[in-house]
Structure formats: C-alpha cells, structure tokens
Amino acid sequence: MAVGKVWVGIDVGKGFHHACAVDAAGKIVFSRKVANGQAAIEQLITRTTAKATDGVVWAVDMTSGAASLLITLLLATGQPVVSVPGRLVNRMTGAFAGEGKTDARDARTIAETARMRSDLAPITSPDAVVADLGVLTARREDLTADWVRGVNRIRELLASIFPALERAFDYSTRSALILLTGFQTPAGIRAADAAGLSAYLTERGAWAKGIPTMVDKALAAAAEQTVALPAESVTAPLIARLARQLLELDREIKDLDKQLGARFAEHPHAGPITSLDGFGPILGAQLLGTGGDLHTAFRSSGHLAAYAGLAPVPRDSGRIRGNLHRPKRYHRGLRRVFYLAALTAMRRPDSPSRTFYLRKRSEGKRHTQALIALARRLVDVIWALLRDRREFHPSPPITATAGA
C-alpha cells in the first residue's frame, strides 16, 4: 500500500541492521531486520522508495564502521540521509518506546526523531582524502591509547620491584625503553656496570648525547636498593617484553604519522590549515578526519564552534537571564583538536595566539578559560581561511596608495 512521505530509522549493527519506517502521523509502516549486505540493503531501498509517494528521509545512528556500506548505498539514491547520534537516541527512547531496549525500538526512535526534528546533521558523500584521513586518524588514536596504557603498565610493574629506577626516567622516550629491554633490576644494573650499560645503549640506538647521563642515573638508582623484592624474577621479564612491544608500537606510530602527513598534504585545505599556529600535519589530518569539509558542512564559524562544544549555550530559567554554560552535546574529538592546537599555539613566543592568550589572562581568566577562548578564536580563523581559500598571515596585506 502506497503512503506519502516516509521516515526510515536504521539501528546499525555488524551483521544485521534493523529498519523501521513511520509516516507523517508517526504510524509504523514497517519494521524489519536487514542483513548488512549489498543485495539486502538495495532491496530495502527499492521497496521503500516504491512505497513512499512523497519521498523518503533516511536516518542512521552511526556514520562509520559497520554503517559504511549502508550509507554508501543510501547516498547513491540521492535522497536525504541524516545522522541521529547515539546519545540523542538514548534520550529520546523514553518518549517513543518506553522502558527497555531492543533494536526494533531503537530503530523506531531514530525514525521518529528524524520525523520531528529539522536540525539533524545531513550526511554527505565524503571526500576521498577525508575518508582516508578518518580511517588513519582512528587507527592512530587506537595506537596512542595502547601506548599510554603500556607506559603506565611499565611504571606500575617497575615500581613494584625497583622504585628508584621508575622515578629516574621518562618511559615515554625510546632511550629509556631501550634500557628496560636489557636491565630491570638493581642487581642487573650493578653487574653490567657503566661500561656494559653504555655499550648496550649505544648498540641499540639510544640517544648518544644522553647516554652518559642515563648511565649515571641508572647506577645511582641501583645503589639505592640492595634487596630483591618479591616477584622480581617474574616481573622483570614482563617489563622487558613490554618495553620491546612499546618500541615496536612507537615505530608503527611514526610510520603512520608519515602516511598521515603525506595523505593530508594532498588535500586542498592542507595549506590554509597548517599556515595557522598550532596546526601541523597530524592535527590538521585529525581536523579533516573528524570534521570533514568544515566550510561547506557549517554555515558559519559559530555553528562549527557549537558543534565542537566551544560556544556556550543559554540556561535561563524564571528571572535568571544570560546564564551560559558549556553544551552537553558536542563532538569531543573536534573539541580536542582545537584545544590541542590552542595549547601548542599559545607556547610560541611573539605569535598572535600567544598575545591573545596573555590578554585573556590579564582580564582575569584562568589558564583553562584562556585556552578555551583561544580555541574558540582558532575556530573563527580556520573557518575564514577555508571560506576564502587562503593561508594565514600575521600581518594584514599592505595596500598600495597613489603618490601625492
């Protein structure tokens, strides 16, 4: 039976999606499970478009990963596709589906939300470079998280058998990790002596200028502890193995950074983005990978700032007016990119960002508040650079004037 306009909500899954369609009155047209395969998705699209005489609006709760095939096929139809974030789905579930959670209920909530709201972000076909950067930056985040966990685990294990050595070095550096691949106990360091430690570090590529200082610190730490602590015999090999794994992980991150930088350089926005203090190839790649084409995706810098959680929203009630607070719904990855860019830019002497930060501090703002203000400022500048397709210059262009 033909119906007018239809809103289809799709709860994305790895093996199967659940699709629920509602009409203009909110009545369920159909609700069914759909395999995450091309034939099944195309059949869903064909049957739905044939049934809806006034068009279809598709809504999904995910825009990557298992949703990639689905979104690609939906965008090929030329019909509108919008995003209903998972956080919004959770908040709206009680209104449309009551208590309890099933894929069918979530799909209906997505469909009803798309029917009732006109402010949902549209999903568009991604630029090839942006799509690649999204995959690469996601992988880098995974590797970085593994790196942080590994360093923290090494410190925890080392503190349990050799606290003095744990305090002596920064184990996020390659040279310190190289030391741990060979020496994890006071007795081992004393047995190697200065000559053995120096030779071991040199042969394995530790920073040459820092080796004498490292040897002195390691021997001093060994002199502080003359007893072997419980579980030392099993903990020491674990530390050595974890240090080797972190060295491999460090190489993988560096190789990925080279790939990210090369792919980012192919995008036309690479020049304008990196011309601004605080943005290098990695942060620039993360900016495009999370935000896409910022100028076309957002009508103004204010909309971009709101999406990144850098524009306050009002919280007025009764007689209270002008009460602003940070929004709860925002893209945390994009906020992190602008915050890190502000943190980097602020440290550069004599830069416009440094001047802006110091001015905010002189106005009485705390360090974090001044950084957030600078991040908000960078949003305006980035958006303007992309709009005008030009690079940033600290000084305004000199305008020639006619001679007297």
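Please refer to the structure higher up on the page.
Residues numbered from 1 in each chain as written. Predicted model: local features only at pLDDT ≥ 70, side-chain atom pairs only at ≥ 80, totals over all residues. Heavy atoms only, no water.

Draft legend 1. Representation of the overall build of the protein chain. Each helix and strand in the protein chain was counted, giving 17 helices and seven strands. Relative to its full complement of 404 residues, the protein chain shows a buried share of 43%. Long-range contacts, defined here as pairs at least 24 residues apart, represent 62% of the contacts in the protein chain between residues at least 6 apart. A total of about 21500 Å² of accessible surface is found on the protein chain, and carbon and sulfur atoms cover 54% of it. (Helix = DSSP H or I, 4+ residues; strand = E, 2+ residues; numbered from the N terminus. Buried < 20%, exposed > 50% of the residue type's maximum accessible area, 1.4 Å probe, protein only. Contact = heavy atoms within 4.5 Å. Areas by Shrake-Rupley, 256 points an atom, 1.4 Å probe, with all protein chains shown as cover.)

Draft legend 2. Local environment of the pairing of strand β2 (residues 16–22). Of all seven residues that make up β2, six are buried, and the element is covered over most of its length. When strand β1 (residues 6–11) meets β2, the two strands line up antiparallel, connected through five bridges. Looking at β2, one finds that G9 is bridged to C20. Between β1 and β2, which pair antiparallel in sequence order, lie four residues. As paired strands, β2 and strand β3 (residues 28–35) are joined by seven bridges and run antiparallel to one another. (Pairing = 2+ DSSP bridges.)

Draft legend 3. Expanded view of the packing of helix α1 (residues 38–51) against helix α2 (residues 68–76). Between α1 and α2, the shortest axis-to-axis distance is 10 Å and the interhelical angle comes to 40°. Relative to α2, the element α1 lies oblique. Like other packed secondary-structure pairs, α1 and α2 cross with a definite hand, here right-handed. Residues Q38, I41, E42 and I45 of α1 form the contact with α2, whose own contacting residues are L69, L70, L73 and L74. (Axes fitted to C-alpha atoms, helices over the stretch in contact; angles between N-to-C directions. Parallel < 35°, antiparallel > 145°, perpendicular 65-115°, else oblique. Left-handed = near helix turned anticlockwise from the far one by under 90°.)

Draft legend 4. How the structure looks around the sheet that holds β2. The strand order β3-β2-β1-β4-β5 describes an open sheet built from five strands, whose pairing is mixed. A single partner strand is all that each edge strand has here, and the edge strands are β3 and β5 (81–83). The mean inter-strand angle of the sheet, taken between neighbouring strand axes irrespective of direction, is 20°. As paired elements, strand β4 (residues 56–60) and β5 share three bridges and run parallel to each other. Bridged to V60 within β5 is S83. Here α1 sits on the sheet in contact with β1, β2, β3 and β4, set at roughly 165° to β3. Across the sheet, helix α4 (residues 103–116) touches β1, β2, β3, β4 and β5, and the angle it forms with β1 is around 140°.

Draft legend 5. Fine view of the side chain of S353. The topology assignment puts S353 in helix α16 (residues 352–362). Here S353 falls in the buried class, since its relative accessible area comes to 7%. The residues contacting S353, other than those within four sequence positions of it, are D277, A345, M346, L374 and L378.

Draft legend 6. Layout of the packing of helix α8 (residues 186–203) against helix α9 (residues 211–224). One can describe the packing of α8 onto α9 by two numbers: an axis separation of 9 Å at closest approach and a directional angle of 175°. In terms of axis orientation, α8 runs roughly antiparallel to α9. In this structure, α8 contributes P186, I189, R190, D193, A194, L197, S198, L201 and T202 to the contact, and α9 contributes I211, M214, V215, A218, L219 and A222. Residues that form the contact of α8 with α9 fall into these classes: 11 nonpolar, two polar and two charged. (Nonpolar A, V, L, I, M, F, W, Y, C, P; charged D, E, K, R; others polar.)

Draft legend 7. Structural context of the pattern of salt bridges. All chains considered together, the criterion is met by 19 salt bridges. Across the salt bridge formed by E166 and R155, the nearest N and O atoms sit 2.8 Å from each other. Of the two residues, E166 sits in helix α6 (residues 163–168) while R155 sits in helix α5 (residues 128–161), which places them 11 residues apart along the sequence. With a relative accessible area of 17%, E166 lands in the buried category. Taking the relative accessible area as the measure of exposure, R155 reaches 23% and is therefore partly exposed. (Salt bridge = Lys/Arg side-chain N within 4 Å of Asp/Glu carboxyl O.)

Draft legend 8. Just the side chain of Q184, in detail. Along the chain, Q184 turns up in the loop between α7 (174–182) and α8. With a relative accessible area of 11%, Q184 lands in the buried category. Not counting the four nearest positions on each side in its chain, Q184 is found in contact with L158, I161, F162, A236, I239 and A240.

Draft legend 9. The arrangement of α16 in detail. Three or more residues of α16 are buried, namely S353, F356, Y357 and K360. All buried residues of α16 project into a common sector of 100° when viewed along the axis, lining one side. Looking at the buried side of α16, the elements it contacts are α15 (332–346) and α17 (367–388). (Arc of directions from axis to C-beta.)

Draft legend 10. Quick peek at the packing of aromatic side chains. What the rule picks out here adds up to three aromatic pairs. Considering the side-chain rings of F169 and Y171, the 6.3 Å spacing of their centres and the 75° angle between planes classify their relative orientation as edge-to-face. Taking relative accessible area as the criterion, F169 reaches 9% and is therefore assigned buried. Taking 6.0 Å as the distance between ring centres and 80° as the angle between the ring planes, the aromatic pair formed by F279 and F338 counts as edge-to-face. Taken together, the residues span a long stretch of sequence, with F279 in the loop between α11 (270–274) and α12 (281–291) and F338 in helix α15 at a distance of 59 residues. The burial state of F279 is the same as that of F338; both residues are buried. Sitting above the plane of the F30 ring, R32 keeps its charged end 4.3 Å from the centroid. The cationic tip of K33 hangs over the ring face of F16; the distance from NZ or CZ to the ring centre is 5.3 Å. (Phe/Tyr/Trp six-rings, centres within 6.5 Å; stacked < 30°, edge-to-face > 60°. Lys NZ or Arg CZ within 6 Å of the ring centre and 35° of its normal.)

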